[in-house]
Amino acid sequence: MSRYIEAVWCRPVDRLPIWLMRQAGRYLPEYRAIRERHTFMNMIQTPEIAAEITLQPIRRFGLDAAILFSDILTVASALGSKLEFVEGKGPVIDNPIRTESDLTLLSQTPIRDSLNYVRECIELLQSGPLGNTPLIGFAGAPFTVASYMIQGGSSKDLTLVKRLMLTHPNIMADLIDRLVLATADYVSMQIEAGVDGIQLFDTWAIHLSMPEFEEWVMSPLKAVLNRIRNPRRVPITIFTRGSAVFWNRLATLPVQCLSLDWQVDIKGVAGLAPSHIALQGNLDPMVLTATPTVLSSQVTRILQSAGNRPGFIFNLGHGITPDVPIDMVTRLVEQVQAYQPVYEA
Ligand code: CP3
């Protein structure tokens, strides 16, 4: 069993496991070399390329888990969003959902058919090249994917999403219902194809009030988790931004692990979280652009705060950014992998 899997089930490990959100990305020269020749969509839709990129950070750093190279917006695209990744801007959707008639244009094709390239990539990776390194599959949670489909791209404050939620909750509910079915089917397909873990991303929860969070994040997540077919009991992790506010609600979901953002007081949560829930996190990715001394002291603080709790996986509090020096990632991985937890008797 790998250390990631042991830790996610809150079992003891000889040393702490680490992987990094967005570990395959533009901070790696070997990624940029492929990116120069392909569009991002082309990269994720070609199983051989997506598999190669998944492996890049594993080869370079010996991380304790691989995450499938893809994006949460493949589901939006499969449902009919005209999605493009624009340099300097991120995802842009040409035909955002704003009215009831926009909804009727969405595709009815089962997600497992439209996203068959993801199944092929997983099968390819699990046919040998990963060795014993576990493979994490993932999906966006309904609220975050809906946010992009409505807003039409990234946004500081989700104005259009919040306005639609407040003025046309029926349109929001219809879109969320479709995404619950699509997400559950997509995750079930990844489990069938052979992933070893699943992470759900609900990044934009941070924009919601508590009642809105209950309605648009908790309920859809419960529905997704209920519908996922998971005969192998593959462990499921949930990441949100805003976890400082919401973590104790998320801890009531039938998941194995909470991935905490960098604002969370990790020591506080490690002391309070139920013992059957693993924690993952929560270094501010910005620290990777500081000095080695600053990095080392921040990593030590997190290790001392949560490293001796059965069920801790080191990660960042959000995705790694393109400006991070490789050498800082090497230092981070070495420091964490050298840490041997001491468990209370
Ligand atoms: O973590 C990994 O290495 C696996 C792959 C992965 C990507 N995106 C690759 C990617 C995962 C798990 C994601 C999740 C994702 N995508 C989220 C949830 C987590 C989070 O970061 O909040 C969200 C909100 C998205 C949507 C998305 N995709 C945005 C906002 C952007 C643009 C931002 C940016 O950094 O440019 C993307 C593009 C994207 N997804 C890139 C990568 C490597 C950059 C693509 C490029 O090469 O141009």
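Residues numbered from 1 in each chain as written. Predicted model: local features only at pLDDT ≥ 70, side-chain atom pairs only at ≥ 80, totals over all residues. Heavy atoms only, no water.

Draft legend 1. Structural detail: the overall build of the protein. Counting its regular elements, the protein contains 16 helices and nine strands. In summary, the protein has a C-alpha radius of gyration of 19 Å against a globular reference of 20 Å for 345 residues, a match within 12%. Split into buried and exposed, the 345 residues of the protein put 58% on the buried side. Accessible surface, the protein as shown: approximately 14,300 Å² in total, 52% of it carbon and sulfur. Separation of charge centres in the protein, based on 30 positive and 33 negative side chains, amounts to 2 Å. (Helix = DSSP H or I, 4+ residues; strand = E, 2+ residues; numbered from the N terminus. Rg over C-alpha atoms; globule rule 2.2 N^0.38 Å. Buried < 20%, exposed > 50% of the residue type's maximum accessible area, 1.4 Å probe, protein only. Areas by Shrake-Rupley, 256 points an atom, 1.4 Å probe, with all protein chains shown as cover. Lys, Arg positive; Asp, Glu negative; His and termini not counted. Charge placed at Lys NZ, Arg CZ, Asp CG, Glu CD.)

Draft legend 2. Region of interest: the sheet that holds strand E9 (residues 312-316). Taken in spatial order, the seven strands make up an open sheet running E1-E4-E5-E6-E7-E8-E9, and their pairing is parallel. A single partner strand is all that each edge strand has here, and the edge strands are strand E1 (66-67) and E9. For E1 and strand E4 (residues 135-140), the ladder comprises two bridges, and the chain directions are parallel. Paired with Ala-66 across the strands is Leu-135, a residue of E4. (Pairing = 2+ DSSP bridges.)

Draft legend 3. View of the nonpolar core. Residues Phe-143, Leu-258, Phe-314 and Leu-332 are the most contacted members of the largest nonpolar core, which totals 136 residues. Here the element with the most residues in this core is helix H11 (residues 169-193); it accounts for 13 residues. Setting aside residues no more than four positions away along its own chain, Leu-258 makes contact with Thr-237, Ile-238, Trp-247, Leu-250, Ala-251, Ile-277, Ala-278, Leu-279 and Gln-280. (Core = buried A, V, L, I, M, F, W, Y, C linked by side-chain atoms within 4.5 Å. Contact = heavy atoms within 4.5 Å.)

Draft legend 4. Structural view of the site of the ligand. The immediate surroundings of the ligand are formed by 23 residues, with Arg-22, Arg-26, Tyr-31, Asp-71 and Thr-203 found nearest. Interatomic distance of 3.2 Å between a backbone N/O atom of Gln-23 and an oxygen atom of the ligand. Protein coverage of the free-state accessible area of the ligand, which is 870 Å², stands at 89%. More than half of the atoms belonging to the ligand lie within 2 Å of the grid points that define the largest pocket. Of all the elements in the fold, those that place two or more residues in the shell around the ligand are helix H2 (29-35) and strand E3 (90-93). Its residues assigned to classes, the shell around the ligand comprises 13 nonpolar, six polar and four charged. (Near = heavy atom within 4 Å. Polar contact = N/O pair within 3.5 Å; in protein donor to acceptor, adjacent residues only side chain to side chain. 1 Å grid on protein atoms, 1.4 Å probe; cavity = no way out; pocket = protein on both sides within 12 Å on 5 of 7 lines; lining within 4 Å. Sits in = over half its atoms within 2 Å of the grid points. Nonpolar A, V, L, I, M, F, W, Y, C, P; charged D, E, K, R; others polar.)

Draft legend 5. Looking closely at the side chain of Asp-202. Considering the arrangement of structural elements, one finds Asp-202 in strand E5 (residues 197-202). No salt bridge forms around the buried Asp-202; measuring N to O, its nearest opposite-charge neighbour Arg-241 is 12 Å away. At 2.5 Å, the side chain of Asp-202 and the side chain of Thr-144 are in polar contact. With near-sequence residues (within four places) excluded, Asp-202 lies in contact with Ala-141, Phe-143, Thr-144, Val-217, Leu-221, Ile-238, Phe-239, Thr-240 and Arg-241. (Salt bridge = Lys/Arg side-chain N within 4 Å of Asp/Glu carboxyl O.)

Draft legend 6. Here's a closer look at empty space enclosed by the protein. Considering all chains together, one arrives at one cavity of 30 Å³ or more under this definition. In this model, the largest cavity occupies a volume close to 30 Å³. Forming the walls of the largest cavity are Val-75, Ala-139, Gly-140, Ala-141, Pro-142, Val-145, Leu-179 and Thr-183. Elements that contribute at least two residues to the lining of the largest cavity include exactly E4, helix H9 (142-151) and H11. (Points joined across faces, edges and corners; volume = space filled by probe spheres on them.)

Draft legend 7. Structural view of helix H16 (residues 326-337). A rise of 1.5 Å per residue sets the reference length of H16, with its 12 residues, at 16 Å; its end C-alpha atoms lie 17 Å apart and thus fit the reference within 8%. Buried within H16 we find Met-328, Val-329, Leu-332, Val-333, Val-336 and Gln-337. The buried residues of H16 all sit within an arc of 155° when viewed along its axis, so they share a single face. Of the surrounding secondary structure, the elements contacted by the buried residues of H16 are helix H4 (47-61), strand E8 (278-283), helix H15 (292-306) and E9. (Expected span 1.5 Å × (residues − 1). Arc of directions from axis to C-beta.)

Draft legend 8. Representation of helix H13 (residues 243-250). When H13 is considered as a whole, its buried residues turn out to be Ser-243, Phe-246, Trp-247 and Leu-250. Looking straight down H13, one finds that the buried residues subtend no more than 130° of arc, so they occupy a single side. Each element contacted by the buried residues of H13 is listed here: helix H12 (210-227), strand E6 (236-240), strand E7 (257-259) and helix H14 (266-272).

Draft legend 9. Region of the structure containing the packing of H15 against H16. Across the interface, H15 lies against H16 with an axial gap of 10 Å and an inter-helix angle of 30°. Considered as vectors, H15 and H16 are oriented roughly parallel to each other. The two elements H15 and H16 meet at a crossing, and its hand is right-handed. On H16, the residues that touch Pro-292, Leu-295, Ser-296, Val-299, Thr-300 and Leu-303 of H15 are Met-328, Arg-331, Leu-332, Gln-335 and Val-336. Partitioned by chemical class, the residues of the contact of H15 with H16 number seven nonpolar, three polar and one charged. (Axes fitted to C-alpha atoms, helices over the stretch in contact; angles between N-to-C directions. Parallel < 35°, antiparallel > 145°, perpendicular 65-115°, else oblique. Left-handed = near helix turned anticlockwise from the far one by under 90°.)

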